[in-house]
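Here is what each chain is made of, one letter per residue.
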Protein chains: 2
Amino acid sequence: MSPPKPINITIIGAGTIGLSFAALHISHASRTGSTLYVTIHDTRPDIREHILKTLPTYIPCNVSKSSSDRPFGYEVKVDDSVSVQRLFINDDLESAVEDADIVQEQGPENAEFKTALWPDVEKYCPPNALLWSSTSGIPVSTQCLAMKDPSRLLVVHPYNPPHIMPLLEIVPSPATDPKVIERTLEYWKDKDRTPLVLRKETTGFVANRLAYALLREAIYLVQEGVASVKDIDDLMTSSMGPRWAVAGIFKSYHAGGGAGGLEGFFKNIGGTVQACWDDIGTVNVGQGWEEDIFRQTKEAYGVVDTKERDRKTRAVLDAVKLL
Amino acid sequence: MSPPKPINITIIGAGTIGLSFAALHISHASRTGSTLYVTIHDTRPDIREHILKTLPTYIPCNVSKSSSDRPFGYEVKVDDSVSVQRLFINDDLESAVEDADIVQEQGPENAEFKTALWPDVEKYCPPNALLWSSTSGIPVSTQCLAMKDPSRLLVVHPYNPPHIMPLLEIVPSPATDPKVIERTLEYWKDKDRTPLVLRKETTGFVANRLAYALLREAIYLVQEGVASVKDIDDLMTSSMGPRWAVAGIFKSYHAGGGAGGLEGFFKNIGGTVQACWDDIGTVNVGQGWEEDIFRQTKEAYGVVDTKERDRKTRAVLDAVKLL
C-alpha cells in the first residue's frame, strides 16, 4: 500500500486569518499523521519573521529551516506528533498555486483585488483545485465575475480565529458547481469543524448578521445610559454566552417554552418580545456614539489577552463536547 | 459566639423560576453551613408533589418530612453537606411573609396581580425585609403603584434557570432606596452570581432585549430561506456562543480590531456592519413566520433534555472560571 498522497494547500494572504487557517490545516495533518504542504503567498516584506513569530502562538509547534529543495521552506513539527509538515513561502503566484489541491484566499477585503485575483489563480492552478475565499462580505457572485469558470469558486468564511472556532460558513453563488460544495464538505468532514452551507448569498452572511444585530442593540443601550460597555459584556458571559455555547437560540427558547416548545414560549411572552422589538435601537455607524463606546471599551480592557481568550474558548468547546 | 441568625426567604410563586431560586438559596446555605428557612407560598393544589418531584432535579438533595412544629415542613439535605435546610409550604400570605428577610416574587406575569400583591406583602412583612420581583418585563414603577413605601421594591431578574445561570439583572425604579440596592448586592456577594444594576428601567431590561434582537434577525434569515432553524443553532454553538461565554460583544470586537481595538474594528469593517444593519430584518410577532419556524424547531429537537443542557452549561461556566 502506498502512503496517501500529500495535500497541497496554498494560502493567499497570511494575516491573522490566513495563518490561523495554516495552523488549523497543519495541526489536523499532524494529528492524522498525513503529509501536508502549505504554501504561503503574501507580499508583506516581513512575512518570514511574521510566520516564525506567530505560528507557534496558534499551535504548539517547532518551526525550523527545511532541508527541502524548494526555496524558503520550513519544517513544522506539532507538539508530540511523529509527522512533520512542510511550509513554503512563495511570492510568485503562478508557482505558488501550480500544484495546489486547495487555494484559500484571505487577501485585502476589496472586490477589485479579489475579482482580479481569481482569473490568474484559475489559469495557473490544477483544474481540480478547490478555490475558497475567506471573505467576510464580498460574495462569490462578485468575486467570480472575471473567471472563465465561475462554478469553481465558493466562500469558506471562518469565525475568527479558525484554528479555534469550529464554524465555517460555506457560501456558494448560484453558479457554484454542487460537486465543489460536496468536495469542500468532504474535506472538512472528520476535521472537528462545523461547515454549514448557506442557501442564499446574503449581505454579511449569517453569523456576523446575527452578531451585529445584537451589537446594534448593545450600542443603543449603552448610548441610552441603561448599562455600561462592561456591564453588557459581563451580562453576556453570565447568561446568553454559556447558554448559546450549549444550545442555539431556537433550541433555547424551545426548551424555555416547556411542554409547548417554541410555540409555548411565544404564547407566554410573545407580547414582551414584540414590545422589545417595537423599542429596538436603530443606531448607525458614524452617528456619534463611537467616542464614548470606544473610550469605555478601552478603559475596561486595554489590550485584550487573546491567548487567554483562546485557551478559555477551547476549554468551553471541550466542555460541551465531553459531556 | 452565637451561631449566625437563620435567614428567612419567602418565595411567592413556585413555578420553574421560583423553585430554581429556592434551589439556589438552599445550595448556597448548605455550602456555607448556614441555616436557611425557605417558605413557599403558592396556590397550586399539587404544590407539595411539585416540590418533592422537581427540587431534587435542580440540586442533588434529599427532601424529607420535617420534625419541625411548622406545618407542611420539609428538611432538605444537599449532597454531602452537614447542614440541613428547612422548607415550608404556607398558603396564607400573612404568616408566609411575617418573618421574612427576603420576599421573592415569581407570580403570574401580569401587572394587576403584582400591583395588588405588594401592598399586602408590605403590610405583613418585617419593615426591613427586602422585596424582590423576578418579573421579566413589568417594571418596579408599575408594580409599586399601590405601595405605601415604593422605595422598598426592586426587580431581581434572573436568566433562566437561576440555580445555574449567574446573571441577575437588578432593576430599581427611580423611587427605590439606594440602600435597598446595596443590601441586595450585599446578599448576592460571595454567592458566585453576577448581579448587575441597570441604570434605567427599560422595556424588557437588557439581557432579553439583546437576545430578542438576535432572535429577530435569526427568524428573518430563516424566513428568507438563507438558513434553517437547525443551521442557525449549530452556527451559534460553534461560533458566538463559545466566544461570548468567554468575552462579551464589546470585548470580543475590541480584541478583533487588533492594536486599534474596537475603533480599529469599526475602521476595518464598519462598512460591512452598516451594510448588515441597513439590511436587518424587521419581522414582527404574528406576521406568519411562526408556523414554519415552530415546525422546524419541533422537528429538529422534539422535547429538549434540559438536564443535559444544564449539565453542559455548568461545565461551560466552570471551564471559563478555572483557567
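This is a predicted model, so every value here is computed, not measured.

### Remarks on the overall build of chain A
What chain A contains, in helices and strands, is 13 helices and 10 strands. By the compact-globule yardstick of 20 Å for 323 residues, chain A fits well, its C-alpha radius of gyration being 22 Å. Taken over the C-alpha atoms alone, chain A extends approximately 65 × 45 × 40 Å along its principal axes. When burial is assessed residue by residue, chain A has 58% of its 323 residues classed as buried. A fraction of 65% describes how many contacts in chain A between residues 6 or more apart in sequence connect residues 24 or more apart.

### Quick look at the interface of chain A and chain B
Interface extent is often summarised as the accessible area lost during association of the parts. Taken residue by residue, the interface counts 100 residues in chain A and 100 residues in chain B. Summed over both sides, the interface between chain A and chain B buries roughly 9,900 Å², with carbon and sulfur atoms accounting for 74% of that surface. Considering only the side of chain A, the residues that lose the most area to chain B are Tyr212, Phe250 and Trp277 of chain A, jointly responsible for 8% of the buried surface there. For the pair chain A and chain B, the number of links is six salt bridges. The closest approach of N and O atoms between aspartate 279 of chain B and arginine 209 of chain A, which form a salt bridge, is 2.6 Å. For the pair chain A and chain B, the number of links is 26 residue pairs in polar contact (both at pLDDT 80 or more). The dominant element in the side of chain A that touches chain B, judged by the number of residues it contributes, is helix α7 (residues 207-223) of chain A, at 15 residues. Residues that form the side of chain A that touches chain B fall into these classes: 59 nonpolar, 22 polar and 19 charged.

### Details of the UniProt feature "domain: 3-hydroxyacyl-CoA dehydrogenase C-terminal" (unreviewed entry) in chain A
Those places that UniProt annotates as "domain: 3-hydroxyacyl-CoA dehydrogenase C-terminal" (unreviewed entry) correspond, in this numbering, to residues 204-271 of chain A. For the annotated span residues 204-271 of chain A, helix accounts for 76% and strand for 0% of the residues, and the straight-line distance between the end C-alpha atoms is 30 Å.

### Details of the relation of the copies chain A and chain B
For the pair chain A and chain B, the best superposition has an RMSD of 0.0 Å and corresponds to a rotation of 180° with a translation of 0.0 Å parallel to the axis. The superposition of one copy onto the other is thereby described by a two-fold rotation axis.

### A look at the packing of aromatic side chains
In total, this model carries 23 aromatic pairs over all chains according to the counting rule given. Between tryptophan 289 of chain B and phenylalanine 294 of chain B, the aromatic rings sit 6.3 Å apart at their centres with planes inclined by 80°, giving edge-to-face as the arrangement. Tryptophan 289 of chain B gets classed as buried once you look at its relative accessible area, which sits at 3%. Aromatic rings pair up to connect Tyr212, Trp289 and Phe294 of chain A together with Tyr253, Phe265 and Phe266 of chain B into one cluster. A cation over an aromatic ring shows up here: lysine 65 of chain A above the ring of tyrosine 74 of chain A, its NZ or CZ 5.5 Å from the ring centre.

### Re the domain arrangement of chain A
Residues and elements named next belong to chain A. Per the domain assignment, the segments of chain A are domain 1 (7-197) and domain 2 (208-322). Relative placement of domain 1 and domain 2: their C-alpha centres are 31 Å apart. Counting residues at the interface gives nine residues for domain 1 and seven residues for domain 2. Taking both sides of the interface into account, the surface hidden between domain 1 and domain 2 amounts to around 730 Å²; carbon and sulfur atoms contribute 56%. Counting the contacts that link domain 1 with domain 2 gives one salt bridge.

### Notes on the environment of aspartate 149 of chain B
As for its placement among the helices and strands, aspartate 149 of chain B is situated in the loop between α5 (140-143) and β8 (153-158). Within the local environment of aspartate 149 of chain B, its side chain forms a polar contact with the side chain of serine 151 of chain B, the two groups lying 2.6 Å apart.

### Things to note about the sheet that holds strand β2 (residues 36-41) of chain B
Consider a sheet: its strands pair through backbone hydrogen bonds, and that pairing is either parallel or antiparallel. Residues and elements named next belong to chain B. Reading across the sheet, the 10 strands line up as β3-β4-β5-β2-β1-β6-β7-β8-β9-β10 and stay open at both edges, with mixed pairing between neighbours. The outermost strands of the open sheet, each flanked by one partner alone, are β3 (61-65) and β10 (194-197). Each strand axis lies, on average, 25° off the axis of its neighbour in the sheet, ignoring direction. The pairing of strand β7 (residues 130-133) with β8 spans three bridges and is parallel. The residue bridging leucine 131 from the neighbouring strand is leucine 153, located in β8.

### Overview of the nonpolar core
With 120 residues, the main nonpolar core has Leu210, Ile232 and Phe250 of chain A together with Leu210, Ile232 and Phe250 of chain B as its most contacted residues. Residues in contact with leucine 210 of chain B, not counting those within four places in the same chain, are Leu214, Glu217, Ala218, Leu221, Ile232, Leu235, Met236 and Met240 of chain A.

### Here's the deal with the pattern of salt bridges
A complete count under the given rule lists 34 salt bridges over all chains for this structure. Between aspartate 310 of chain B and arginine 309 of chain B there is a salt bridge; the shortest N-O distance is 3.0 Å. Each of the salt bridges in this network shares a partner with another, and the network as a whole consists of Glu105, Glu109 and Lys114 of chain A.

### Remarks on the sheet that holds strand β5 (residues 85-89) of chain A
With respect to topology, 10 strands assemble into an open sheet ordered β3-β4-β5-β2-β1-β6-β7-β8-β9-β10 (chain A), the strand pairing being mixed. The open sheet has two edge strands with one neighbour each: β3 (61-65) and β10 (194-197) of chain A. When the angles between neighbouring strand axes are averaged without regard to direction, this sheet yields 25°. Sheet topology places strand β1 (residues 7-12) of chain A next to strand β6 (residues 102-105) of chain A; four bridges connect them, and they run parallel. Note on β6 of chain A: the bridge partner recorded for threonine 10 of chain A is valine 103 of chain A. Against the sheet, helix α6 (residues 178-188) of chain A engages β1, β6, β7 (130-133), β8 (153-158), β9 (167-172) and β10 of chain A, with an angle of about 80° to β7 of chain A. Packing of helix α8 (residues 229-237) of chain B onto the sheet brings it into contact with β9 and β10 of chain A, and relative to β10 of chain A it is tilted by some 145°.

About the cut-offs
- Residues numbered from 1 in each chain as written.
- Chains lettered and ligands numbered in written order.
- Predicted model: local features only at pLDDT ≥ 70, side-chain atom pairs only at ≥ 80, totals over all residues.
- Heavy atoms only, no water.
- Helix = DSSP H or I, 4+ residues; strand = E, 2+ residues; numbered from the N terminus.
- Rg over C-alpha atoms; globule rule 2.2 N^0.38 Å.
- Buried < 20%, exposed > 50% of the residue type's maximum accessible area, 1.4 Å probe, protein only.
- Contact = heavy atoms within 4.5 Å.
- Buried area = accessible area lost by both parts, 1.4 Å probe.
- Salt bridge = Lys/Arg side-chain N within 4 Å of Asp/Glu carboxyl O.
- Polar contact = N/O pair within 3.5 Å; in protein donor to acceptor, adjacent residues only side chain to side chain.
- Nonpolar A, V, L, I, M, F, W, Y, C, P; charged D, E, K, R; others polar.
- UniProt positions renumbered as here; feature names shortened; annotations may be inferred.
- Least-squares fit on C-alpha atoms with pLDDT ≥ 70 in both.
- Phe/Tyr/Trp six-rings, centres within 6.5 Å; stacked < 30°, edge-to-face > 60°.
- Lys NZ or Arg CZ within 6 Å of the ring centre and 35° of its normal.
- Domains from an automatic or database assignment.
- Pairing = 2+ DSSP bridges.
- Axes fitted to C-alpha atoms, helices over the stretch in contact; angles between N-to-C directions.
- Core = buried A, V, L, I, M, F, W, Y, C linked by side-chain atoms within 4.5 Å.

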